[in-house]
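Each chain, letter by letter, is given below.
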Amino acid sequence: MVKLTECVFSTAGNVTSTMFDPCDNYNVLDEYWRSTKRYDTGHDDTIVEWNGWYRLFLQGASAQMPECCVGVYRCGTYYTLWLNGPHPQIEDGVVTRQVCGNAGYDCYYYRTTTIQVKACPGNYYVYELIRPDYCNMAYCTGIHIKKNLSEILPLCSLC
């Protein structure tokens with residue numbers, strides 16, 4: 001069931017709109033080849049029809065984007081995409097974060113893409129993923145052990 005936020009607003013035409021909370025209205029993205037630990041190529045997120053918010057999983061377990069540079073030839077692609085900045089806390093709401101792509105010789109070579117990220121009750125994140133700027137790029141995912149969103153183990157330990 002999709003929950004609606006308490007935010008209701010009127011537009012210029014006096015039509016009332018209600019916003020959806022992405023924590024309750026997301027697509028599931030569970031593809032094993034996106035793992036930071038998997039060496040593979042051939043996948044390209046520029047050909048995916050991205051639409052809306054996504055919750056990341058790896059083989060059914062909740063996952064998140066890494067906050068550190070991921071080596072090339074991982075995550076099913078050559079140019080690995082990772083989050084350049086910390087994940088938000090619940091009280092931060094929706095935040096904008098830069099996504100970087102590793103070119104093999106420079107972890108920050110590709111850094112033009114920004115996405116929206118939100119921390120959700122239940123200790124998971126949702127991401128408004130968009131089409132990357134260049135071919136042969138894919139969003140990476142990793143599993144993190146956590147008690148709650150404020151107690152995440154070092155994120156770069158999985159990269």
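Residues numbered from 1 in each chain as written. Predicted model: local features only at pLDDT ≥ 70, side-chain atom pairs only at ≥ 80, totals over all residues. Heavy atoms only, no water.

**A word on the overall build of the chain**
The test is simple: Every helix listed is a DSSP run of H or I at least four residues long, and every strand listed is a run of E at least two residues long, numbered separately from the N terminus. Contacts are residue-level and defined by heavy atoms, with any inter-residue pair within 4.5 Å sufficient. Under the convention used here, a 1.4 Å probe and the Shrake-Rupley method define accessible areas, while residue burial counts only the protein chains that appear.
Within the chain, the secondary structure is distributed over zero helices and ten strands. Mapped from its N terminus to its C terminus, the chain presents α and β elements in the order β-β-β-β-β-β-β-β-β-β. Restricting to contacts in the chain with at least 6 residues of sequence separation, those with at least 24 account for 60%. Total accessible area on the chain is roughly 8,500 Å²; 50% of this is exposed by carbon and sulfur atoms.

**Some points on the state of the cysteines**
Where we set the bar: Throughout, disulfides are identified as pairs of cysteine sulfur atoms within 2.5 Å of each other. Relative accessibility decides the category of a residue: with a 1.4 Å probe and only protein chains considered, values under 20% of the type maximum give buried, values over 50% give exposed, and everything between is partly exposed.
Tallying each qualifying case throughout the model produces three disulfides. One disulfide in the model links Cys 23 with Cys 120; its S-S distance is 2.0 Å. Disulfide Cys 23-Cys 120: torsion about the S-S bond near -85 degrees, hence left-handed. Of the two residues, Cys 23 sits in the loop between strand E2 (16–20) and strand E3 (27–30) while Cys 120 sits in strand E8 (residues 110–120), which places them 97 residues apart along the sequence. One exposure class covers both Cys 23 and Cys 120, and it is buried. The closest cysteine sulfur to the non-disulfide-bonded Cys 100 is located on Cys 69, 8.5 Å from its own sulfur. Note on Cys 100: relative accessible area 0%, which makes it buried.

**Quick look at the pattern of salt bridges**
Under the convention used in this document: Any Lys or Arg side-chain nitrogen found within 4 Å of a carboxyl oxygen on Asp or Glu counts as a salt bridge.
Going through the model one piece at a time under the given rule, you end up with four salt bridges. In this structure, the salt-bridge partner of Lys 118 is Asp 21, at a minimum N-O distance of 2.8 Å. Here Asp 21 lies in the loop between E2 and E3 and Lys 118 lies in strand E8, a separation of 97 residues in the sequence. The pair formed by Lys 118 and Asp 21 is uniform in burial state, with each residue classed as buried. For the salt bridge of Arg 34 with Asp 45, the shortest nitrogen-to-oxygen distance reads 2.8 Å. Here the residue Arg 34 occupies a position in the loop between E3 and strand E4 (54–58), and Asp 45 occupies one in the loop between E3 and E4, the gap between them amounting to eleven residues. With relative accessibility at 2%, the residue Arg 34 sits in the buried group. In this structure, a network of salt bridges that share partners links the residues Glu 31, Arg 34 and Asp 45.

**A closer look at the side chain of Thr 141**
Relative to the helices and strands, Thr 141 resides in the segment after strand E10 (137–139). Take Thr 141: its relative accessible area is 1%, and that puts it in the buried class. Each residue touching Thr 141, except ones within four places of it in the same chain, is listed here: Arg 34, Ser 35, Thr 36, Leu 56, Leu 58, Ala 63, Gln 64 and Pro 66.

**Quick look at the confidence of the model for the chain**
Formally: The predictor's confidence in any single residue is recorded as pLDDT, a number from 0 to 100.
Confidence in the prediction for the chain averages 83 pLDDT; 79% of positions are at 70 or higher. Across residues 1–18, confidence stays below pLDDT 50; counting only partners more than four residues off in sequence or on other chains, it has 27 contacts. Throughout residues 147–159 the model reports pLDDT below 50, and contacts reaching past four residues in sequence, or to other chains, amount to 35 contacts.

**Structural notes on the packing of aromatic side chains**
Short version of the rule: Pairing of aromatic rings covers Phe, Tyr and Trp, the last through its six-membered ring, and needs centres within 6.5 Å; plane angles under 30 degrees mean stacked, over 60 mean edge-to-face, and all others mean tilted. Here, a charge over a ring is recorded when the distance from Lys NZ or Arg CZ to the ring centre is within 6 Å and its angle to the ring normal is within 35 degrees.
Counted under the stated rule, the structure contains ten aromatic pairs. Ring centres of Tyr 78 and Tyr 79 lie 4.7 Å apart, and the angle between their planes is 85 degrees; on these two criteria the pair is classed as edge-to-face. Classification of Tyr 78 by relative accessible area gives partly exposed; the value is 25%. Between the aromatic rings of Tyr 105 and Tyr 109, the centroid separation amounts to 5.5 Å while the plane-to-plane angle is 65 degrees, which identifies the pairing as edge-to-face. Residue class for Tyr 105 comes out exposed when judged on its relative accessible area of 63%. Of the residues examined, Tyr 109 reaches a relative accessible area of 42% and is grouped as partly exposed. Taken together, the ring pairs connect Tyr 73, Tyr 78, Tyr 79, Tyr 105, Tyr 109, Tyr 110 and Tyr 134 into an aromatic cluster. When the ring centre of Tyr 124 is taken as origin, the NZ or CZ atom of Arg 55, which lies over that ring, is 3.7 Å away.

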